[in-house]
Amino acid sequence: MALTELVTPLKRQTLSANVYEQLKELVMSGQMMPGEQISLRSAAVALGVSVMPVREAMQRLVAEQALEVTPNRALRVPTMTVSQFREITTIRVNLEGLATEQAAAAIDEESLSKVLQWHDRFSAEMSAARPDGSRLITFNKELHFAIYAAARMPMLLHMIEALWLRIGPILNHDLRAGSRRIAEQVAVTHHTALVEALARRDGAAARRALQGDIGSAAEFIISAGVLLAADATPANPPAGAAMPPRRPNRA
């Protein structure tokens, strides 16, 4: 899907922050692929802004390891090795499991209603004759973060967002690729157990369901062979490296 179809032109008064939020959302929700290169100019055109706020936003995303600068100074979504993926998955199981268990204790009716709405939308899309991968990815991300927000632990939520920034592009490979997990509705089964446990305020059961969801998706992604087999010698500038130099405007 073209970038112009995924973003919304922005109002000038909140330019820099909104550019960052839109690009961050694309990465977190898995709408961008590992290894995909990003053009500052193309992103600026899609967002309806100048290159400057896009450059500033991408500098933040490079510092957060959501994007990287390649040896030829291009910007791209990072690739990931199996060992990196396993490590992040282990951290996610613990942090997101904690947020889910806390949400079960703290969730109110309004927050629970929001969680149920996203669950219903995800389930309905999954049951469609031809599920839309982009919609599934969006609904899955919104469902998870509605749960984590219900824990009312903003520092924990921030840490989870940082993990999704790193893992988002690969996280929804099965939803994007139309894997057997869609036909078997594996995620729906885990989500159903999760929201039912939240409705009962059963933190332990909610945590188990969340961990089952993360674990089953991780197993499929590893088996699909979409990760790098081994850690390579670092060839890219470290996080926070300088962005590609500006080029003079051409008539």
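The structure we're discussing is the one just above.
Read on for an overview of the structure. Numbering of residues starts from 1 in every chain and runs along the sequence as written. In keeping with the model being predicted, local features are shown solely for residues with a pLDDT of at least 70 and side-chain atom pairs are shown and tallied solely at 80 or more, while totals for entire chains, interfaces and linings include all residues. Each side-chain value is derived from all of the structure's non-hydrogen atoms; neither hydrogens nor water enter the calculation.

Looking only at helices and strands, the chain has eleven helices and three strands in total. If you list the helices and strands of the chain from N to C, you get α-β-α-α-β-β-α-α-α-α-α-α-α-α. Split into buried and exposed, the 251 residues of the chain put 47% on the buried side. Partitioning the intrachain contacts of the chain with sequence separation of at least 6 by distance along the chain shows that 77% fall at a separation of at least 24. All accessible areas in this document rest on Shrake-Rupley with a 1.4 Å probe, and a residue is counted as covered only by the protein chains that are shown. A total of about 12500 Å² of accessible surface is found on the chain, and carbon and sulfur atoms cover 53% of it. Runs of H or I in DSSP of at least four residues are treated as helices and runs of E of at least two as strands, each being numbered from the N terminus. Burial here depends on accessible area, computed with a 1.4 Å probe over protein chains only, as a share of the maximum for the residue type. Under 20% is buried, over 50% is exposed, and the range in between is partly exposed. In this analysis, two residues are considered to be in contact whenever any of their non-hydrogen atoms come within 4.5 Å of each other.

We now examine the sheet that holds strand 2 (residues 68-69). At least two bridges found by DSSP between two strands are what make those strands a pair. Taken together, three strands build an open sheet; the order of strands is 1-3-2 and the sheet is antiparallel. The open sheet has two edge strands, strand 1 (37-38) and strand 2, and neither has a second partner. As paired elements, strand 2 and strand 3 (residues 75-76) share two bridges and run antiparallel to each other. Along strand 3, the bridge assignment pairs Glu68 with Arg76.

Quick look at the packing of aromatic side chains now. Pairing of aromatic rings covers Phe, Tyr and Trp, the last through its six-membered ring, and needs centres within 6.5 Å; plane angles under 30 degrees mean stacked, over 60 mean edge-to-face, and all others mean tilted. Taken as a whole and judged by the stated rule, the model has three aromatic pairs. With centroids separated by 5.5 Å and ring planes inclined at 75°, the aromatic side chains of Phe145 and Tyr148 adopt a geometry described as edge-to-face. You can see Phe145 and its partner Tyr148 sitting in helix 6 (residues 133-150), three residues apart, about one turn around the helix. Between Phe145 and Trp164, the ring centres sit 5.0 Å apart and the planes meet at 80°, which makes this aromatic pair edge-to-face. Highlighted residues: Phe145 in helix 6 and Trp164 in helix 7 (residues 154-171), separated in sequence by 19 residues. Each member of the aromatic cluster is reached from another via a ring pair, and the members are Phe145, Tyr148 and Trp164. Between Arg60 and the ring centre of Tyr20, over which it is positioned, the NZ or CZ distance is 3.5 Å. Note on criteria: charge over ring means Lys NZ or Arg CZ within 6 Å of the ring centre, with the direction from the centre no more than 35 degrees off the ring normal. Cation over ring: Lys141 sits above Phe145, and NZ or CZ is 5.0 Å from the ring centre.

With that settled, consider empty space enclosed by the protein. Cavities and pockets are found on a 1 Å grid laid over the protein atoms alone: a cavity is a set of points where a 1.4 Å probe fits but cannot escape, a pocket is an open set with protein on both sides within 12 Å along at least five of seven lines, and a lining residue has an atom within 4 Å of such a point. Grid points are joined across faces, edges and corners, and a volume is the space filled by probe spheres set on the points. All chains considered together, the criterion is met by one cavity of 30 Å³ or more. Each pocket or cavity is described by its volume, and for the largest cavity that value is around 130 Å³. As for the largest cavity, its lining consists of 13 residues, of which Asn140, Leu171, Asn172, Asp213 and Ala217 are closest to the centre. Elements represented by at least two residues in the lining of the largest cavity include exactly helix 6, helix 7, helix 8 (173-177) and helix 11 (203-223).

Quick look at the nonpolar core now. Formed by 72 residues in total, the largest nonpolar core has its most connected members in Val54, Met58 and Leu198. If you tally residues by element for this core, the top one is helix 6, at nine residues. With residues up to four places along the chain from it excluded, the contact list for Leu198 reads Thr100, Ala103, Ala104, Ile107, Leu112, Val115, Ile147 and Ala206. We define a nonpolar core as any set of buried Ala, Val, Leu, Ile, Met, Phe, Trp, Tyr and Cys residues linked to one another through side-chain atoms lying within 4.5 Å.

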